[in-house]
Amino acid sequence: MAVVWTPLESNPTVINPMIEKMGVSGVKTVDVLFFEDDSIGQPQHAVILCFPEYKKVDEIMKPIYEQAKAADDSVFFMKQKISNACGTFALFHSLANLEDRINLGDGAFAKWLAEAKKVGVDERSDLLANNAELTAIHAAAATAGQTDPSGEVEHHFICYVGKNGVLYEIDSRLQFAREIGPTSDATLVKDAGAACQHLIQKLDNVSFSAIALVNQ
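Residues numbered from 1 in each chain as written. Predicted model: local features only at pLDDT ≥ 70, side-chain atom pairs only at ≥ 80, totals over all residues. Heavy atoms only, no water.

Participant: It is not clear to me how the UniProt feature "active site" (unreviewed entry) in the protein should be interpreted in this structure. Could you clarify?
Facilitator: The UniProt entry lists Cys86 and His156 under the feature "active site" (unreviewed entry), expressed in the numbering used here. Look at the named residues: they lie 71 residues apart in sequence, but the longest C-alpha span between them is just 6.3 Å, so in the fold they bunch up. For Cys86, a relative accessible area of 8% gives the class buried. For His156, the contacting residues outside a window of four places in its chain are Leu49, Cys50, Phe51, Tyr54, Gln80, Cys86, Asp171, Ser172 and Arg173. (UniProt positions renumbered as here; feature names shortened; annotations may be inferred. Buried < 20%, exposed > 50% of the residue type's maximum accessible area, 1.4 Å probe, protein only. Contact = heavy atoms within 4.5 Å.)

Participant: What am I meant to see in the pairing of strand E6 (residues 166-170) here?
Facilitator: Regular strands place side chains that alternate from one sheet face to the opposite one. Counting buried positions over the five residues of E6 gives five, a clear majority of the element. Because side chains alternate across E6, one face comprises the buried residues Val166, Tyr168 and Ile170, and the other comprises Leu167 and Glu169, equally buried. Counting the residues in the hairpin turn of strand E5 (residues 156-163) and E6 gives two residues, including Asn164, whose phi is positive at 55 degrees. Pairing of E6 with strand E7 (residues 178-182) involves four bridges; the strand directions are antiparallel. Opposite Leu167, over in E7, you have Gly181 as the bridge partner. (Helix = DSSP H or I, 4+ residues; strand = E, 2+ residues; numbered from the N terminus. Pairing = 2+ DSSP bridges.)

Participant: For this particular structure, what's the right way to read the nonpolar core?
Facilitator: Inside soluble globular proteins, nonpolar side chains tend to come together where they are buried. Core analysis: the biggest nonpolar cluster contains 49 residues, and Leu91, Phe92, Leu95, Phe109, Trp112 and Leu128 have the highest contact counts within it. When contributions to this core are tallied by element, the ones reaching two or more residues are helix H1 (12-21), strand E3 (44-51), helix H3 (86-96), helix H4 (108-116), helix H6 (132-142), E5, E6 and strand E8 (209-215). Sorting elements by how many residues they give to this core places H3 first, with seven residues. Discounting residues that sit within four places of it in the chain, Trp112 has contacts with Phe76, Met78, Phe92, Arg124, Leu127, Leu128, Asn131 and Leu134. Ile158, Tyr160, Leu188 and Cys196 belong to the second-largest nonpolar core, a separate cluster that totals 24 residues. (Core = buried A, V, L, I, M, F, W, Y, C linked by side-chain atoms within 4.5 Å.)

Participant: Please clarify how the packing of aromatic side chains should be interpreted in this entry.
Facilitator: Each aromatic ring pair is specified by the distance between its two centres and by the angle formed by the two planes. In total, this model carries six aromatic pairs according to the counting rule given. Taking the centre distance of 5.6 Å and the plane angle of 50 degrees together, the rings of Tyr65 and Phe176 count as tilted. With Tyr65 in helix H2 (residues 54-66) and Phe176 in the loop between E6 and E7, this residue pair connects regions lying 111 residues apart in the sequence. For Tyr65, a relative accessible area of 11% translates into the label buried. Using a relative accessible area of 23% as the deciding quantity, one classes Phe176 as partly exposed. Ring geometry for Phe92 against Trp112: centres 5.2 Å apart, planes inclined by 55 degrees, an arrangement best described as tilted. Of this pair, Phe92 sits in helix H3 while Trp112 is found in helix H4, placing the two residues 20 residues apart along the sequence. On the accessibility criterion, Trp112 (3% relative accessible area) is buried. (Phe/Tyr/Trp six-rings, centres within 6.5 Å; stacked < 30°, edge-to-face > 60°.)

Participant: Looking at this model, I keep getting lost on the state of the cysteines. Mind explaining?
Facilitator: By definition, a disulfide links the sulfur atoms of two cysteine residues through a covalent bond. A full pass over the atoms with the stated rule returns zero disulfides. Left without a disulfide partner, Cys50 is nearest to the cysteine sulfur of Cys86, which lies 6.9 Å away. The exposure class of Cys50 is buried, given its relative accessible area of 6%. (Disulfide = S-S within 2.5 Å.)

Participant: Would you take a moment to explain the packing of H2 against helix H7 (residues 188-203) for this structure?
Facilitator: How two helices pack is summed up by the angle between their axes together with the distance between the axes. Relative to each other, H2 and H7 sit at 135 degrees, their axes nearing to 10 Å. Comparing their axes, H7 and H2 come out oblique. In the crossing of H2 with H7, the sense of the turn from one axis to the other is right-handed. Residue-level inspection shows Lys56, Val57, Ile60, Met61 and Ile64 of H2 in contact with H7, the latter providing His198, Leu199, Lys202 and Leu203. (Axes fitted to C-alpha atoms, helices over the stretch in contact; angles between N-to-C directions. Parallel < 35°, antiparallel > 145°, perpendicular 65-115°, else oblique. Left-handed = near helix turned anticlockwise from the far one by under 90°.)

Participant: Teacher, can you tell me more about the sheet that holds strand E2 (residues 27-31) here?
Facilitator: Two modes of strand pairing occur in sheets, parallel and antiparallel, and in both the strands are linked by backbone hydrogen bonds. What the six strands build is an open sheet, ordered E2-E8-E3-E5-E6-E7; its pairing is antiparallel. The sheet is open, and its two borders are formed by E2 and E7, each paired with just one other strand. Strand-to-strand twist across the sheet, computed as the mean angle between neighbouring axes with direction ignored, equals 25 degrees.

Dropping the structure here:
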């Protein structure tokens, strides 16, 4: 990964202005304090999960992905080739797979997505790296958080997004989106929690955080 970005913070106050600047409207992110939280609004579109010790996570998830069912081509996926950009990739994977359900507008994100859909999985990351407007939006968000973005990055973002009644796990460092199982607008957060519970238990580290994408 020759291109290096500043990492994002898992924080709605960072992510929500980023969504707005990209031209997407009608949705926002909210903190997920626990996955069984009934107070989270509906419809629930996606969950962005940030977890620690990504190298250990790789070991835990490797056998699962060796037997996983890959999503079909209707699920938008891109391979991450920008270092420290996993937060933005998780957000982009969420938004791109909700194209028919939320208002992506006609701003920077929608224009990039239209072009990204014309190229292959590996080329989409390059298209993002060369997009000056989206790069600037990410940079502004990355410096707006409360934590120091410098130093070695140990955390990694993935997303869980619902599409056509199916929950998908999308990790931009892997080769494909993984099909999890059925979900709904009312249960997506709980379903995402169930999907990552084994990871949380095996990692035995409290430094997890999650945000949900819901309607404004």
